[in-house]
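Understanding the architecture of this molecule
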Amino acid sequence: MYKYSDMQTDIFGTIYILAGETELLDISLSDDDWEQVRKKYDATYAPNDEVLVEIKKQLDEYFKGERKTFSFPIKFSGTAFQQKVWNELLQIPYGETRCYADIANAIDNPKAVRAVGQANRKNPIPIVVPCHRVIGKDKSLTGYTGTRTDLKEKLLELEGVF
């Protein structure tokens, strides 16, 4: 059983949160992203579901600067390589950044810098799995949810990186 809710945020506007029975599966940051997810999952709108309410509460605390880590379960849907990258992203502390090469080295695949970038771009659980904390080797902001580096910058400002 899949369920979802929407949530208003100052940075992204409306976001959509998809959960399984007990775990977060996806955060869609745009209507277009959400339409793709809706095609994949047959989810019921359940804004008062206790799992979704807790996820929204923790996200709200994060956006207010009151939370640095999340304590609800997540479940990835992706290739083994993508999951390895996403698990490594979870190791990046709040308020810190890494470059794509750092992630490639951390997963013992130093030549996979471009593949790390692609996995980062396909992260289904942005914010919670902090792909926004991955920047260019020259400290430049690289694409976030496509080309929205302004959103990446806002999240990094929230975390005190800038």
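For the structure, check the block above.
Figured I'd write up the structure that's included with this text. (Residues numbered from 1 in each chain as written. Predicted model: local features only at pLDDT ≥ 70, side-chain atom pairs only at ≥ 80, totals over all residues. Heavy atoms only, no water.)

Considerations on the environment of K68
Mapped onto the elements, K68 comes out in the loop between α2 (50-63) and α3 (80-89). Looking at K68, the relative accessible area reads 54%, which means it is exposed. Sequence separation between K68 and T79 is eleven residues; the distance between their C-alpha atoms is 27 Å. Apart from the residues lying within four places of it in its own chain, the contact partners of K68 are Y94 and R133. (Helix = DSSP H or I, 4+ residues; strand = E, 2+ residues; numbered from the N terminus. Buried < 20%, exposed > 50% of the residue type's maximum accessible area, 1.4 Å probe, protein only. Contact = heavy atoms within 4.5 Å.)

A look at the side chain of R67
Along the polypeptide, R67 turns up in the loop between α2 and α3. Within the structure, R67 has its side chain in polar contact with the side chain of Q58 (distance 3.4 Å). In this structure the side chain of R67 is engaged in a polar contact, spanning 2.8 Å, whose partner is the side chain of E61. In this view, R67 contacts Q58, E61, Y62 and Y94; residues no more than four positions away in its chain are not counted. (Polar contact = N/O pair within 3.5 Å; in protein donor to acceptor, adjacent residues only side chain to side chain.)

Notes on the sheet that holds strand β1 (residues 2-9)
The strand order β3-β2-β1-β4 describes an open sheet built from four strands, whose pairing is mixed. Because the sheet does not close on itself, it has two edges, and the strands there are β3 (24-28) and β4 (43-45). For this sheet, the mean angle separating the axes of adjacent strands, direction not counted, is 30°. By the bridge criterion, three bridges tie β1 to β4 in an arrangement that is parallel. Bridging across to β4, Y4 finds its partner in Y45. (Pairing = 2+ DSSP bridges. Axes fitted to C-alpha atoms, helices over the stretch in contact; angles between N-to-C directions.)

Observations concerning the nonpolar core
Core analysis: the biggest nonpolar cluster contains 38 residues, and F12, L59, F63, L89 and I127 have the highest contact counts within it. No other element matches the six residues that α2 contributes to this core. One finds L18, L25, V37 and Y41 within the second-largest nonpolar core, a separate group that totals seven residues. (Core = buried A, V, L, I, M, F, W, Y, C linked by side-chain atoms within 4.5 Å.)

Here we look at the state of the cysteines
Taken as a whole and assessed by the stated rule, the structure comprises zero disulfides. In this structure C131 is a free cysteine whose sulfur lies 15 Å from that of C99, the closest cysteine sulfur available. (Disulfide = S-S within 2.5 Å.)

Overview of the pattern of salt bridges
Scanning all chains against the criterion turns up seven salt bridges. The residue K3 makes a salt bridge to D49 at a minimum N-O spacing of 3.2 Å. One end of the pair, K3, is in strand β1; the other, D49, is in the loop between β4 and α2, and 46 residues separate them in sequence. For K3, a relative accessible area of 4% corresponds to the buried category. Judged by its relative accessible area of 18%, D49 is buried. Note that D60 is salt-bridged to K64, the shortest N-O span being 3.1 Å. Classification of D60 by relative accessible area gives partly exposed; the value is 31%. Connected through salt bridges with shared partners, the residues E54, K57, E61 and R67 form a single ionic network. (Salt bridge = Lys/Arg side-chain N within 4 Å of Asp/Glu carboxyl O.)

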